[in-house]
Protein chains: 2
Amino acid sequence: MPDDHSDPDLAFAPHDHARCAGDAMARAETSLALGGQRLTAVRRRTLQILLESHRALGAYEVLDRLVADGYGNQPPVAYRALEFLEEQGLVHRIRRLNAFTACMHPGEVHAPAFLICRACHAVAEAPAGTLGAALQAAADTLHFTIERSTIEAVGLCPACKATAGTATRGIA
Amino acid sequence: MPDDHSDPDLAFAPHDHARCAGDAMARAETSLALGGQRLTAVRRRTLQILLESHRALGAYEVLDRLVADGYGNQPPVAYRALEFLEEQGLVHRIRRLNAFTACMHPGEVHAPAFLICRACHAVAEAPAGTLGAALQAAADTLHFTIERSTIEAVGLCPACKATAGTATRGIA
DNA sequence: GTTGACATGTTATACTGTAACGCTATATCC
DNA sequence: GGATATAGCGTTACAGTATAACATGTCAAC
């Protein structure tokens, strides 16, 4: 099983990966400490796995890597850590892919929106812009109170658009 | 297994159910005919099931009802019909619930947005408003081309907000 | 009435997610 | 330090969701 160095980048543009991962981990430690939450070994390693791989991983992919590090090898081990991290706003769940990805700017309140390339499987966390407000407005007209939201779009990233028609593997 | 008359209404406000279902079926026939697509028996019945039940149904729930009508009793029968209807814009998939619901206004181009009550499980298709534009704008900044989108919010509908704290069953 | 394309029926299996139980580690209180 | 309470982890077992692959049937065009 190959490592994931060759996998598509999380954002569509290149950037300082090590730095953004390190920053995210540091912020995670701080924000958990402030909230009185415990970043245990499994949770820390799970977050690291997502930060390192730098793309959306399925729960069972995460589990495989936890197993390789000597942690429990049953699904709940991964799911519990992922759910905890999601509740803490450190990880996002991408329902379209049945996958999880590390949050690139934890701490900031945001209704995460994801852009998923169907050709190269890259996933980018989109700038929120007026999205949150627009969703809130839609909910308001029905007097609905939003607690959590999922916003995901499937399409083509700039790179795959450029090579459109060539050897890309589709998601459907 | 009880019928679904007591299930939460699709929209949060009462309305003329028979009429909206009938309209939707009529529009479905027209739009499929124009596109040269075939509304076969299974597909038609599947759409009817979703329109009648008037809430989000899992694929296996749809399958149960198809079986009761004498259709094939294996998952692909339901999944194929549902996928076809989704491609045609007649059905929406609600990923948060692993469920499907009939589109309430097929034909109109729209980025469907769903409001899901975690207490009573009602699902409403939210007015699009500026949502589509906001999502498009977010994608534009990354030069991403959107082909399909999933927008779902979990929270409390007006009725469940009113009875907050009383006997409601949570989704989580 | 044969051909070809599309749709359905069916088998089998893969993938995703969770309930429940017992043990261990950590924190707290005395 | 030792008792107690709580949260987290490991494990078993299973439930729920989805799809690949192939066989059969149906329909329209020629």
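Structure: see above.
Here is what the cut-offs are and how they apply
- Residues numbered from 1 in each chain as written.
- Chains lettered and ligands numbered in written order.
- Predicted model: local features only at pLDDT ≥ 70, side-chain atom pairs only at ≥ 80, totals over all residues.
- Heavy atoms only, no water.
- Contact = heavy atoms within 4.5 Å.
- Buried area = accessible area lost by both parts, 1.4 Å probe.
- Salt bridge = Lys/Arg side-chain N within 4 Å of Asp/Glu carboxyl O.
- Polar contact = N/O pair within 3.5 Å; in protein donor to acceptor, adjacent residues only side chain to side chain.
- Near = heavy atom within 4 Å.
- Helix = DSSP H or I, 4+ residues; strand = E, 2+ residues; numbered from the N terminus.
- Nonpolar A, V, L, I, M, F, W, Y, C, P; charged D, E, K, R; others polar.
- Buried < 20%, exposed > 50% of the residue type's maximum accessible area, 1.4 Å probe, protein only.
- Least-squares fit on C-alpha atoms with pLDDT ≥ 70 in both.

What follows deals with the interface of chain A and chain B. Facing 35 residues of chain A, the contacting portion of chain B comprises 35 residues. For chain A, the biggest contributors to the area lost against chain B are R95, R96 and F144 of chain A; these three give 20% of the whole. Here chain A and chain B share two salt bridges between them. Among the ionic pairs, E147 of chain B bridges to R118 of chain A, the shortest N-O distance being 2.6 Å. Counting the contacts that link chain A with chain B gives 16 residue pairs in polar contact (both at pLDDT 80 or more).

The immediate surroundings of DNA strand C are formed by 18 residues, with Y60 and Y79 of chain A together with T40, Q74 and R80 of chain B found nearest. Within 4 Å of the protein, the contacting atoms of DNA strand C are 48% sugar and phosphate, with bases supplying the remainder. Within the contact set of DNA strand C, a phosphate oxygen lies 2.8 Å away from a side-chain nitrogen or oxygen of Y79 of chain A. Between T40 of chain B and DNA strand C, the recorded distance is 2.4 Å, taken from a side-chain N or O atom to a phosphate oxygen. Those elements giving two or more residues to the surface near DNA strand C turn out to be α4 (75-87) of chain A together with α2 (41-53) and α4 (75-87) of chain B. Across the surface near DNA strand C, the residue classes tally to seven nonpolar, four polar and seven charged.

Neighbouring residues of DNA strand D: 18 residues in total, closest T40, Q74 and R80 of chain A together with Y60 and Y79 of chain B. Restricting the count to atoms of DNA strand D within 4 Å of the protein gives a sugar and phosphate share of 45%. R80 of chain A is positioned such that a nitrogen or oxygen atom in its side chain is 2.5 Å from a base nitrogen of DNA strand D. E83 of chain B has a polar side-chain atom sitting 3.2 Å from a phosphate oxygen of DNA strand D. Only α2 (41-53) and α4 of chain A together with α4 of chain B provide two or more residues apiece to the surface near DNA strand D.

A separate point is the side chain of T46 of chain B. Residue and element names in this part refer to chain B. With respect to the element layout, T46 can be found in helix α2. Overall, T46 belongs to the buried group, its relative accessible area being 0%. At 2.7 Å, the side chain of T46 and the backbone oxygen of V42 are in polar contact. What T46 contacts, discounting residues up to four positions off in sequence, is V62, L66, A81, L82 and L85.

Right, let's get into the relation of the copies chain A and chain B. Of the two same-sequence chains, chain A is brought onto chain B (RMSD 0.1 Å, axial shift 0.0 Å) by a rotation of 179°. Interpreted geometrically, this transformation is the action of a two-fold axis. Scanning chain A for the C-alpha nearest the rotation axis identifies I151 of chain A, at a separation of 2.2 Å. A high fraction, 100%, of the interface residues of chain A reappear at the interface in chain B, so the copies pair face to face through one surface.

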